[in-house]
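Inside the fold
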Amino acid sequence: MTNKVSILMGSKSDLEIMKKAGEVLASMGIDYDINILSAHRTPHETIEFVENSTSDVFIAGAGGAAHLPGVVAGITTKPVIGVPVNATISINGIDSLLSIVQMPPGVPVATVGIDNAKNAGILAAQMIAISNQNVHDKIVAFKKEQHDTVLASNDALV
Ligand code: RP5
């Protein structure tokens, strides 16, 4: 069975941020789809998409009154990772962050930092790596590269 991730965002204006999640997934060899679907502007299409999706993990990003990740989490039994986007209407991303992280008990959304779609991609990959050896190996390699880069930058200081 091929693992898959669905990336959703509330507006085209979120794309520059949200595409970073896709770049991580692609680098790990994980299949994904990416769609603009809004909790407020296209609620029926959002529900229909999530109900019909076979993805293992959802990544949802939105800004301002950022309800999309929570709505997705209310529909699916799969893990949902929320990305608070610092949109033009947003109050420095703080409104987006609080809208996404302050979910009611029973409907969790794993929330990453403001605009940090890269971490959403990594977290989704780590979830998939639990049962996918190829992705696990890629995560191990990613961590090693990150580790070596820090040590090399330290060595370059002197
Ligand atoms: C949210 O409103 C979207 O996720 C976006 O971050 C924000 C602004 O949307 P646009 O007015 O740019 O389409 O629903």
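Just above sits the structure.
Residues numbered from 1 in each chain as written. Predicted model: local features only at pLDDT ≥ 70, side-chain atom pairs only at ≥ 80, totals over all residues. Heavy atoms only, no water.

1. Considering the environment of Val 83
Position of Val 83 among the secondary structure elements: in strand β4 (residues 80-85). The exposure class of Val 83 is buried, given its relative accessible area of 0%. Remark: the alpha-carbon pair of Val 83 and Ala 120, spanning 37 residues in sequence, is separated by 7.0 Å. Val 83 has contacts with Ile 17, Met 18, Ile 59, Ala 60, Gly 61, Ala 62, Ile 100, Val 112, Asp 115, Asn 116, Ala 117 and Ala 120, leaving out every residue within four places of it along the chain. (Helix = DSSP H or I, 4+ residues; strand = E, 2+ residues; numbered from the N terminus. Buried < 20%, exposed > 50% of the residue type's maximum accessible area, 1.4 Å probe, protein only. Contact = heavy atoms within 4.5 Å.)

2. Describing the environment of Ile 81
Counting through the fold element by element, Ile 81 comes out in strand β4. Judged by its relative accessible area of 0%, Ile 81 falls in the buried class. A sequence separation of 76 residues divides Ile 81 from Leu 157, and the C-alpha atoms of the two residues are 37 Å apart. For Ile 81, the contacting residues outside a window of four places in its chain are Val 57, Phe 58, Ile 59, Ala 60, Val 109, Ala 110, Val 112, Ala 120, Leu 123, Ala 124 and Met 127.

3. Overview of the sheet that holds strand β3 (residues 57-63)
If you walk across this open sheet you meet the five strands as β2-β1-β3-β4-β5, and the pairing is parallel. What marks the edges here is a single partner per strand, and that holds for β2 (31-36) and β5 (110-111). Sheet topology note: the strand β1 (residues 4-9)/β3 ladder contains five bridges and is parallel. Each bridged residue has a counterpart across the sheet, and for Met 9 the counterpart in β3 is Gly 61. Set on the sheet, helix α2 (residues 43-52) makes contact with β1, β2 and β3; between it and β1 the angle comes to about 170 degrees. Packing of helix α3 (residues 68-75) onto the sheet brings it into contact with β1, β3 and β4, and relative to β3 it is tilted by some 150 degrees. (Pairing = 2+ DSSP bridges. Axes fitted to C-alpha atoms, helices over the stretch in contact; angles between N-to-C directions.)

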